[in-house]
Structures are given as C-alpha cells and as structure tokens.
Amino acid sequence: MGLGSYLPPRKVSNADVAARLDTTDEWIRTRIGIAARHIADPATATSDLAVEAALRAMKSAEVEHVDVVILATATPDHHVPGTAPLVAHRLGLRQVPAFDLGAGCSGFVYATTVAAGLIHAGTASTVMVIGAEKMSAVIDPADRSTAPIFGDGAGAVVLAAGRADEPGALGPAAWGSDGEHADAIYIPGGGSRNPSRATADLKNRYVHMKGNEVFRHAVRRITHVTEESAAAAGWAIQDIDRLIVHQANARISVAVANTLGIPPERVPSNITHVGNTSAASIPLLLSHSAINGQLKPRQRVVVTSFGAGFTWAATTLLWPIGLQVLA
Ligand code: UT7
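What counts, and where the lines are drawn
Residues numbered from 1 in each chain as written. Predicted model: local features only at pLDDT ≥ 70, side-chain atom pairs only at ≥ 80, totals over all residues. Heavy atoms only, no water. Near = heavy atom within 4 Å. Polar contact = N/O pair within 3.5 Å; in protein donor to acceptor, adjacent residues only side chain to side chain. Areas by Shrake-Rupley, 256 points an atom, 1.4 Å probe, with all protein chains shown as cover. Helix = DSSP H or I, 4+ residues; strand = E, 2+ residues; numbered from the N terminus. Nonpolar A, V, L, I, M, F, W, Y, C, P; charged D, E, K, R; others polar. Domains from an automatic or database assignment. Core = buried A, V, L, I, M, F, W, Y, C linked by side-chain atoms within 4.5 Å. Buried < 20%, exposed > 50% of the residue type's maximum accessible area, 1.4 Å probe, protein only. Contact = heavy atoms within 4.5 Å. Expected span 1.5 Å × (residues − 1). Salt bridge = Lys/Arg side-chain N within 4 Å of Asp/Glu carboxyl O.

A. Region of interest: the site of the ligand. Neighbouring residues of the ligand: 21 residues in total, closest Thr23, Arg144, Asn212, Asn249 and Asn276. At 2.4 Å, a side-chain N or O of asparagine 212 approaches an oxygen atom of the ligand. Bound to the protein, the ligand loses 71% of the 940 Å² it would expose on its own. When residues of the shell around the ligand are traced back to their parent elements, those giving at least two are α2 (25–31), α7 (211–232) and α8 (250–260). Of the residues assigned to the shell around the ligand, the class counts are eleven nonpolar, six polar and four charged. Split by domain, the residues of the shell around the ligand number at least three in each of domain 1 (2–160) and domain 2 (174–318).

B. Spatial organisation of the nonpolar core. Ranked by internal contacts, the top residues of the largest apolar core, which has 41 residues, are Ile222, Ile240, Leu243, Ile252, Val256, Ile262 and Phe306. Only α7, β11 (242–245), α8, β12 (300–307) and β13 (311–318) provide two or more residues apiece to this core. Both domain 1 (2–160) and domain 2 (174–318) contribute no fewer than three residues apiece to this core. Excluding residues that lie within four positions of it along the chain, isoleucine 222 makes contacts with Val245, Ile252, Val256, Thr304, Ser305 and Phe306. In terms of nonpolar packing, the next biggest core, distinct from the first, is built from 33 residues, Leu3, Val157, Ile282 and Val303 among them.

C. Region of interest: α7. Here α7 spans 31 Å end to end across 22 residues, near enough to the 32 Å set by a 1.5 Å rise per residue. Among all positions of α7, only Glu213, Val214, His217, Ala218, Val219, Ile222, Thr223, Val225, Thr226, Ser229 and Ala230 are buried. Positive phi appears at glycine 234, one or two residues downstream of α7, with a value of about 80 degrees.

D. Structural context of the environment of threonine 46. Position of threonine 46 relative to the elements: it lies in helix α3 (residues 46–61). For the pair threonine 46 and threonine 83, spaced 37 residues apart in the sequence, the C-alpha separation amounts to 8.1 Å. Other than its neighbours up to four places away in sequence, threonine 46 contacts Thr73, Thr75, Asp77, Ala132, Glu133 and Lys134. A polar contact is formed between the side chain of threonine 46 and the backbone oxygen of threonine 75, at a distance of 2.6 Å.

E. Representation of the pattern of salt bridges. Tallied over the full model, the rule gives nine salt bridges. We note a salt bridge from lysine 203 to aspartate 140, for which the minimum N-O separation is 2.6 Å. Taken as a pair, lysine 203 in the loop between α6 (195–200) and β10 (208–209) and aspartate 140 in the loop between β6 (126–134) and β7 (152–160) lie far apart in primary sequence, 63 residues in all. Judged by relative accessible area, lysine 203 falls into the partly exposed class, the value being 44%. The class of aspartate 140 is buried, set by a relative accessible area of 9%.

Take it as geometry only, folks, not as evidence of what the structure does.
This is the structure:
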C-alpha cells in the first residue's frame, strides 16, 4: 500500500472569507469547525492536484507502475474526456485503463471498493485510487452557505493484491445511495438536463446545497453505514481504534461519534486546516493522521463517508505496518 496527499499552497483564512461575505470567523469556527482552507490558483486544475498526490502515493508504495487508475472527483478538468486518462498519461502510465468515478464526497470510498473488487477478481494486481477536487471552481464566492465550507486538495492510495487478513487489506464495504435527494447538493446547469440555462446564468454552474437537510441525513447515514461495515468485518463498535469520517462539518463527526459511543480521541480530524474537500477529504485525513501519529500499525480503522447523490460508503482495514506517507 502507498499513501500520499497534496494541498495547493494558498491558504484562505476565515478572515479572508468574512472580508467579502456576510459571515464571521466565529460563525464558521463554531458551526463548521473550519479556520482555513487551501484554494488552488486559477491556472491549477483538478488533474494537477491529482498528479501531485498520485506521485507521492507511488513513491510511498515504492512502485513505478499500477494496473488501473481510478479518479474520484466531482470537479473533473472537463466534462469530456474523463480526467483520469490525462492523469495516468502524466504519471507515465499511458496504456493503463483509467476512469473517473463520480459519487460526490463518497467518491473515494466508492473507488476503493471498486479497486478492491478488481483486485479480488484478478483483473488487476495494483490499483491507484485518487480523490481530487478543485471545489473552488464550482463554489459561488458570494454564497455564504457554501463558500466558507469547501476547499481544494487531493489524496491517493496505491492498493495491491495480498492476503485478506494482512494489515492494509480492505475489509468488506458497506455502501448505498438515495437519489430521492439528488437536489440536496447539486449543480443545476451545465449537464444534459439543463445545458442552456446554465450558459445564460452563471449561478447554475455553482453548487447549491440544502445544508440543514444534508446535515441530518449525513449524521444518520454515516452512523448506520459505519455500523454495517464494522459488523461485516466482525468488529463491535468498541473495537474501532480510529474512525476516519469524511470532513464535511466538525459537528457531523461529533454527532456520529456520540451516537456510536466512540470517544473523541479515536476520531481524528483535519477540517480546521483544510475545510471540506469532497472526494479528497478521506485520503487527506488518512495521510495527515498517519503523519501526525494518530494512525498506528494494526489499529482497527473504519473509513466512512457521505455526500451528494445522496451516496454513502464505509470500509474497514487494519492500519498497515511500515507505511511511509508523503504529503
Ligand atoms: O460534503 C458533502 C456533505 N455536506 C455536508 O455534509 C454539509 C452539511 N451541512 C452543514 O454543514 C451545515 O448545515 C451548514 C454549515 C451548511 C450550515 O450550518 P447550519 O447550522 O445548518 O446553519 P443553518 O443553515 O441552519 O442556518 C442557521 C443560521 C441562519 O440564520 P437564522 O435564519 O437562524 O437567522 C442562517 O442564515 O445561520 C445563518 N447562516 C450563517 N450565518 C453566518 C448560514 N450560513 C451562515 C454563514 N455565516 N456563513
């Protein structure tokens, strides 16, 4: 296994956000738990962030080749073509199958589930899974219900064939979706449903989010899918050493941990410094938690997420031994 991540260098503080929006540092800190987020420069695209994270993951895994590249993103460079082939090309992996996976903030866990399936089926023996987002490209800078929340970044893992019981191997996944809530987090325009209005009205190209509704569903779904995934691995909730929760809102993680009865010190967080980075959130948190010593070899880890769709997903693993994480 290899793990790497990348944040664009520019940091935007709450004070910077509050200077142009009707909000305050205090509101953002207390209601979301964010102090700053990293925002890519205009010339940087999602593929650029993805390549940086992928290079670090390959170095971490000590490999120069992978059999498949899966890129989880809601912010591809273009509608067509997919961004993954471009990323694979830039990694020097020109001929490998490469595709994008869109499952909102659950995209990375969905993609690891697909990757594990490819490995189990014998279709691939090494798979690169990347979560990368330039959320700033789809966030309305004038919308105080989304602009303080989202940030840019990327994280990547290299998964390799091995024994099912060895540290680093992914356990059984629990995942699901509910399209009844498709409009709870969505970009109204620019797709086949609404191509013309989109060009006429820039606001239709931005993320619209019913924050309150999303919050309630997120707590319920993350709690449930975590229970499902732990049970499928044969773990009781008390057995979980680290719960890696999608960094959507610090209050969501706290509510999930309280509902499950998991002590806060077992629930690492980096939202204060990076904000909500959608599909990049989980690999960024894994990477930062490993580097700061919050993830240790053989710990029982549950990785759990929720996002647009709605989609949700969780999986388990024993934290690998000797992993050199690069960020
Ligand atoms: O990653 C994908 C999944 N996304 C999520 O999981 C996001 C989930 N949702 C959330 O994190 C929260 O719902 C938000 C952070 C988006 C909003 O927090 P909230 O506590 O649910 O706020 P609210 O929408 O219920 O609004 C409460 C009050 C309102 O004022 P009144 O009507 O009570 O006077 C809002 O107008 O807070 C006001 N408000 C703000 N005030 C200052 C909303 N946004 C802001 C803001 N600054 N940025």
